[in-house]
Structure formats: structure tokens, C-alpha cells
Amino acid sequence: DESGFVDDSTNNFKITRYGDVSVQSVSPFKVHTVTANTHSVYFDGTGDYLSIPDSQTFMNVGTNDLTIEGWVYFNSVGTGTFFGTADSNGNSSGGVVIYLSASGTLRVYGPSVSGTITTSAVTGTWYHIAVTRQTNTWTLWLNGSSQGTFTDSGSVNPGGSKPLAIGRLGAYDGVYLTGYVSNVRFINGTALYTSRFTVPTSPLTSTANTKLLTCSSNTIVDLSTASTGNTAFAITVNGDARATIVTT
């Protein structure tokens, strides 16, 4: 197909392109092969985000260990949220927030909003970001290296008015990401990284305790197999956020 859109499944369905949608060569992976099921989601910074209703319970993990990870590519520096929960007033207490500030500083807030970790990030490059909690110690990992820790014993339980969002700070308007996000995984019960590690070079999978796995297929869905009742969580696509095939 000259447009570059193909069905990599055994069905080999014909795909028709409308408008100027196009294949983008953006990927967090360094090997130069085209691999099925390796995608990102593009956010244009003007109302695009993914959300999961606050009625879902997978973020209510209490004081369990946890891991949040994924890849992000910033097209511009601003208050772009990679992953976060907040109400309409921007209150994120009880949740977890990972975002890039207007000064180009990558920040993490824990559930008590008492501890933060900051590190610099720039546009035009893929970053593997991971946040772990082991007991009460929170660590921000950037491309496999620790950027610092803080202690926060607060319970992760965002409450009834704080949906999880990728690309925006929960229900809080005006904090949108411009760029690409790929392979977001949330693990409840395991701090997957405890020392310097080699960044994965292939798409993430639904390992033990995975409660969310998204931004990694040709449709925006939850690919985890560990969600409540083994049913994937419903993800709402807001604005014109769209899945984008990537070259790995």
C-alpha cells in the first residue's frame, strides 16, 4: 500500500486513508525493523488526552508498591502531563502526577504532594520514563537511571472526582501534552525497577500485576489482561488524539 497503512494481522484487511492522515517514523525503540503492534498516540496540545473514569478502581492501590512507565516524545516544552490524576481545580492529592513544566523540568508528585523529583527534559527525543514506589520510597527513572527519590507514605486513592488521564492532568483543563506517548504500563503491587536498568527494546507486555497497558496498538485500548474481572478498562479518547504507527 503506497499510503503505508496495512493490516499486519492474518486477516490482511484493506485500509482506506481519508484526509491527510499519514504514517510517522517516531518510536522509542532503537532497532530498525517494522514490528506489528508497536504504536504511539499523538497529542497535538489543543484538547487531546486519554481518560479513564474515576469509577474504575485500578488506581486505588493504597500503600502497595507500584510501577508506572512508558515512552514520551515532547514536541514542545510546556505544562504537558504524561500521566496524572486531578480534579477540575487541579488538586492531585491522593494520586500520582508526572509532567513536564514550562521550564523544561520533568516533575513527579506523590499522593501526599509532599515530595517531588525534578530533572531536565528536552524536545525532539524519546524518553523512557518510569516511576516506582517501593515501600514508601518513590523513584523517578529516566532512560534507566535514577533521577532521585523521596519518601511519601500517602495512600494512592484519587477519589471520586479525579479520573486518570494521559496527556492532561486528570480533569484539570489547560495542561495538555504536545507530542507522542507509547507503551504506557501501570503495575499495582510491584516496584519493577530497584536499580539502574537497561531500557526495554521491544514493546511492553502485560506482566504480573499489570492493571493498564495502552498506547501500544493500532487502536487506543487497554491491552492488559489483569484488569478487574479480566476485562479491559474503557479508555475515552478526547480531542483528536490518535494512534500512530511507529518504526522500531
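Keep in mind that this is a model prediction, so the values were computed, not measured. (Residues numbered from 1 in each chain as written. Predicted model: local features only at pLDDT ≥ 70, side-chain atom pairs only at ≥ 80, totals over all residues. Heavy atoms only, no water.)

1. Regarding the overall build of the chain
Next, step 1: When its secondary structure is counted, the chain shows zero helices and 15 strands.
Next, step 2: Sorting the 248 residues of the chain into buried and exposed places 50% on the buried side. (Helix = DSSP H or I, 4+ residues; strand = E, 2+ residues; numbered from the N terminus. Buried < 20%, exposed > 50% of the residue type's maximum accessible area, 1.4 Å probe, protein only.)

2. Here's the deal with the environment of Asp-87
Next, step 1: Looking at where Asp-87 falls in the secondary structure, it is placed in the loop between strand E4 (80-85) and strand E5 (97-100).
Next, step 2: Asp-87 sits 75 residues away from Lys-162 along the chain, and the two C-alpha atoms are 4.6 Å apart.
Next, step 3: If we skip the residues at most four places from it in the chain, Asp-87 touches Ser-161, Lys-162, Ala-171 and Tyr-172. (Contact = heavy atoms within 4.5 Å.)

3. A few points about the sheet that holds strand E2 (residues 49-52)
Next, step 1: The sheet built from seven strands is open, its strands ordered E7-E6-E5-E4-E11-E2-E14 with antiparallel pairing. Pairing within the sheet leaves two strands with one partner each, and these edge strands are strand E7 (116-120) and strand E14 (236-238). The mean inter-strand angle of the sheet, taken between neighbouring strand axes irrespective of direction, is 20°. (Pairing = 2+ DSSP bridges. Axes fitted to C-alpha atoms, helices over the stretch in contact; angles between N-to-C directions.)

4. Here we look at the packing of aromatic side chains
Next, step 1: Enumeration according to the criterion identifies 10 aromatic pairs in this entry.
Next, step 2: Note on Tyr-49 and Tyr-176: the rings are 6.2 Å apart at their centroids and 50° apart in plane angle, and the pair reads as tilted. You can see Tyr-49 sitting in strand E2 and its partner Tyr-176 sitting in the loop between strand E11 (164-166) and strand E12 (178-188), a full 127 residues away along the chain.
Next, step 3: Note on Tyr-49: relative accessible area 12%, which makes it buried. (Phe/Tyr/Trp six-rings, centres within 6.5 Å; stacked < 30°, edge-to-face > 60°.)

5. What about the nonpolar core?
In a soluble, globular protein the nonpolar side chains are often hidden away together inside.
Next, step 1: If you look at the biggest cluster of nonpolar residues, it comprises 40 residues, and the most contacted ones within it are Phe-83, Ile-98, Ile-129 and Val-181.
Next, step 2: Tallying contributions element by element places strand E3 (residues 66-74) first for this core, with four residues. (Core = buried A, V, L, I, M, F, W, Y, C linked by side-chain atoms within 4.5 Å.)

6. Quick notes on the confidence of the model for the chain
Next, step 1: The predicted model of the chain has a mean per-residue pLDDT of 83, with 83% of residues at 70 or higher.
Next, step 2: Confidence, read as mean pLDDT per element, is least for E7 in the chain (82) and greatest for strand E8 (residues 126-134) (95).
Next, step 3: Predicted confidence is poor over residues 31-37, with pLDDT under 50, and the contacts of this stretch with residues over four places away or in other chains come to 13 contacts. (pLDDT = per-residue confidence, 0-100.)

7. Brief notes about the pairing of E12
Next, step 1: The element E12 is extensively covered by neighbouring structure, given that 11 of its 11 residues are classed as buried.
Next, step 2: Two strands pair when backbone bridges link them, and strand E1 (residues 39-44) and E12 are joined in this way by four bridges, in the antiparallel orientation. Pairing of Asp-44 across the sheet is with Thr-178, part of E12.
Next, step 3: Relative to E12, E3 runs antiparallel, the two sharing eight bridges. Counted as the bridge partner of Tyr-73 is Tyr-180 from E12.
Next, step 4: Both E12 and strand E13 (residues 210-214) contribute to a ladder of four bridges, which runs antiparallel. Each residue of the ladder has a partner; that of Ile-187, found in E13, is Thr-210.

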